[in-house]
Structures are given as C-alpha cells and as structure tokens.
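What follows is each chain in one-letter form.
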Amino acid sequence: MRSAEARACEPWPDRLIHPHSSERLRLTLRNLYILPSSFGWLWLMAIAVLYLMGTGASSSGPLLLAYGGLGVFLLSPFLTQFNLQGLELRCGEPQPGFANGPVLYPLEAWSKSPRLQLRASFRGQQAHWSGDLPAGHSSLGVPWTPAHRGRQRPGRMRLESRAPLGLFVCWTLWDPAAEQLIYPAPQRGSVRKLMESPQQPTSAVGDRERAGGDQHWHDLAPHRPEEGMARLAWKQLARSGTRLSKRFSDPEPQAELLTPDPALPWERALEQLCDRCLRLAASGTAFGLLVGSNRIEPAVGERQLRRCLEALALAPMR
C-alpha cells in the first residue's frame, strides 16, 4: 500500500514504469525512456509558426527555417539517447549516516565514452547530483535524507540527460539494491546510567595524555622499561641524567554503561543515547551500551563508537 502511494506521487510517465531493483544496471533500449522536453515543445511550436508564415506569404525563407528546425528536432532524440545508452552503473559500498541529515549513496559508473550533463536524484528528494562523467571508471554520490534509522535503501533513482540539444529528455528508473546503515539522529537529552567502574588504560595513549603537564603528577620514582617513554620525566633527565618516572594521584576516569531512558519514547531515547555516545567518544571516556538484550562492554576508541552506533541503529522497533 505504501509503495502504491509513493508511486502515485511520481510524475505521470514514471507511474507507468515497473520498478527495477538490482545491484547493477546497464542502460539499453529496454530501460531508457525519452520524451520531448518543455524546450522541445516550444521548438515544435516555433516550427509550426514558421511553416504557416512561409505558406501564407509564399516565402521560401520561413519554410527553409521550418524544415531545418524539423530536421534538428528529428535528430535530437538519437543524440540524447546515445548520451545514456551503454552506461553501466553499480552500487558502491554505502557508508553509515545519520537520520534526518544528508547522506550520500555511492555509485560506480563505467563508460566507453564521455557522458554530458547527467542528473541523478531519488524519489521525493530535492537534493540531486549533476555533472559529466568521463570515459572509463568514475564514482559519484547521490544525496538523500533518510527519515528514520535502520538498514535502508533510498528508493527509486531517476537518471536523466537533456544533452546535447535540450530538445528531449532521456531517463531511466532504477532501485539500487544495496542497503545503507542509518544511525539515529543525535539529540541532546537524558540517558540512564546502569553502573560506573574505573577505566583501565588500554594503551600508551592514555599515559601520554595524562603525562602532558606537571600538574597531573605528584611524585617521581626510578623509571622501569615497561612503563614506556610517556611517563618519563624529561626535565629531570636533562638536568641530572637520571631516568625517573612520574607517579600520578589523579583518579582514573569513569567508564559508563548507558541504556535508553525508560521515561522517554523509544525512538527519542535512542536519539539522545546516540548523542551521548558521540560526546563521550569525543572526550575519550570509556562507555558501553545495554539496549534490549544487546550488551556492549565499556571501551574507548573509534571502533567502540561504531559498534555502539550500529547497535542503536539496529535496535528493535517499538
């Protein structure tokens, strides 16, 4: 039912075309459609006016212009169709994005000759991609705005061209089959913390961050090789030549295990949890998630952020 309503919102010619879903698409006479453009209809009207002027006034000048314009009009659909015929398209590897924001859907194109003035857009989307394609392999990204989270396909894509004369518009319709992972739209708000536990440093990066200034340590001790170079007291080494390590008294940062706030609607709670994950990851704080039966233990790093965002994107609908 939803598909029928979506097709009813399309332009009249596209409603009659059966959708084609696949990973690849090769443009041939079977999947290309062509009609005169608005400029093409005006061109025909001008030809008719010139013809009537020539026959009414028995003048050869307007008749020659009318016949010449008709010849250009009859040649135009072949030139416009050749600008698309033979082009091969394939779905790329879609990168994750956020709901309610612009996302690029990647496509790979192969062509034996340059293609001029192409335009690609998805159904119901105002944003579009436009440009020329050189001969050989090229990549392009068609923008769209997903309305909700989850694994999604952007829907029907229309690829068209009016080159080289603009008298005809030639187009094709295609439903790319590759799915794109969409995260919840981040929104600031409250989340629920289940527990807090001391964060254990997982690499020398944390040591380097804590050893960035003298105000973070309170004592010196003989340096041990397993402590690495980040804890080394360089000023004392330069003055006395003795290798000493800094000893810290600051408490370790806290690792947070987060879960959606039960007082909020489910989708809004996931959006606020998404925003909290982004901010914790940017600050370098360890965090984990408990979403339904999916538990992710606290950790730090870009990989942990991707795991948590994916869990939020694929959380069950309620």
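See the structure printed just above.
Since this is a predicted model, take the numbers as computed values, not measurements. (Residues numbered from 1 in each chain as written. Predicted model: local features only at pLDDT ≥ 70, side-chain atom pairs only at ≥ 80, totals over all residues. Heavy atoms only, no water.)

## Some points on unusual backbone geometry
Next up, step 1: The omega angle of the peptide bond from Ala163 to Pro164 is 5°, so this bond is cis rather than trans.
Next up, step 2: Take Pro164: it is sitting in the loop between β11 (157-161) and β12 (168-176).
Next up, step 3: Within the chain, Ser58 stands out as a residue other than glycine whose phi angle is a positive 50°.
Next up, step 4: Mapped onto the fold, Ser58 is located in the loop between α3 (38-57) and α4 (60-82).
Next up, step 5: The phi dihedral of Asn100 falls on the positive side, at around 60°, and the residue is not glycine. (Helix = DSSP H or I, 4+ residues; strand = E, 2+ residues; numbered from the N terminus.)

## Thoughts on the sheet that holds strand β2 (residues 24-26)
Next up, step 1: Read from one edge to the other, the open sheet built from four strands follows the order β2-β4-β6-β9, with strand pairing classed as antiparallel. If you trace the sheet from one side to the other, it starts and ends with β2 and β9 (136-144), each paired once. Strand-to-strand twist across the sheet, computed as the mean angle between neighbouring axes with direction ignored, equals 25°. (Pairing = 2+ DSSP bridges. Axes fitted to C-alpha atoms, helices over the stretch in contact; angles between N-to-C directions.)

## Some remarks on the nonpolar core
Next up, step 1: Within the largest apolar cluster, 27 residues are counted, with the highest numbers of intra-cluster contacts made by Leu87, Val142, Met157 and Leu159.
Next up, step 2: If you list the elements that add at least two residues to this core, you get β4 (88-91), β6 (103-111), β7 (115-122), β8 (129-133), β9, β11 and β12.
Next up, step 3: At four residues, β6 tops the list of elements feeding residues into this core.
Next up, step 4: The residues contacting Met157, other than those within four sequence positions of it, are Leu89, Leu107, Ala120, Ser121, Phe122, Val142, Thr172, Leu173, Trp174, Asp175 and Pro176. (Core = buried A, V, L, I, M, F, W, Y, C linked by side-chain atoms within 4.5 Å. Buried < 20%, exposed > 50% of the residue type's maximum accessible area, 1.4 Å probe, protein only. Contact = heavy atoms within 4.5 Å.)

## Some remarks on a nonpolar patch on the surface
Next up, step 1: A cluster of nonpolar side chains, contributed by Val72, Leu75, Phe78, Leu79, Phe82 and Leu165, occupies part of the molecular surface with about 530 Å² of accessible area.
Next up, step 2: Tracing the backbone shows Leu79 in helix α4. (Patch = residues over 30% accessible without salt bridge, like charges linked within 9 Å, V, L, I, M, F, W, Y side chains within 5 Å. Areas by Shrake-Rupley, 256 points an atom, 1.4 Å probe, with all protein chains shown as cover. Salt bridge = Lys/Arg side-chain N within 4 Å of Asp/Glu carboxyl O.)

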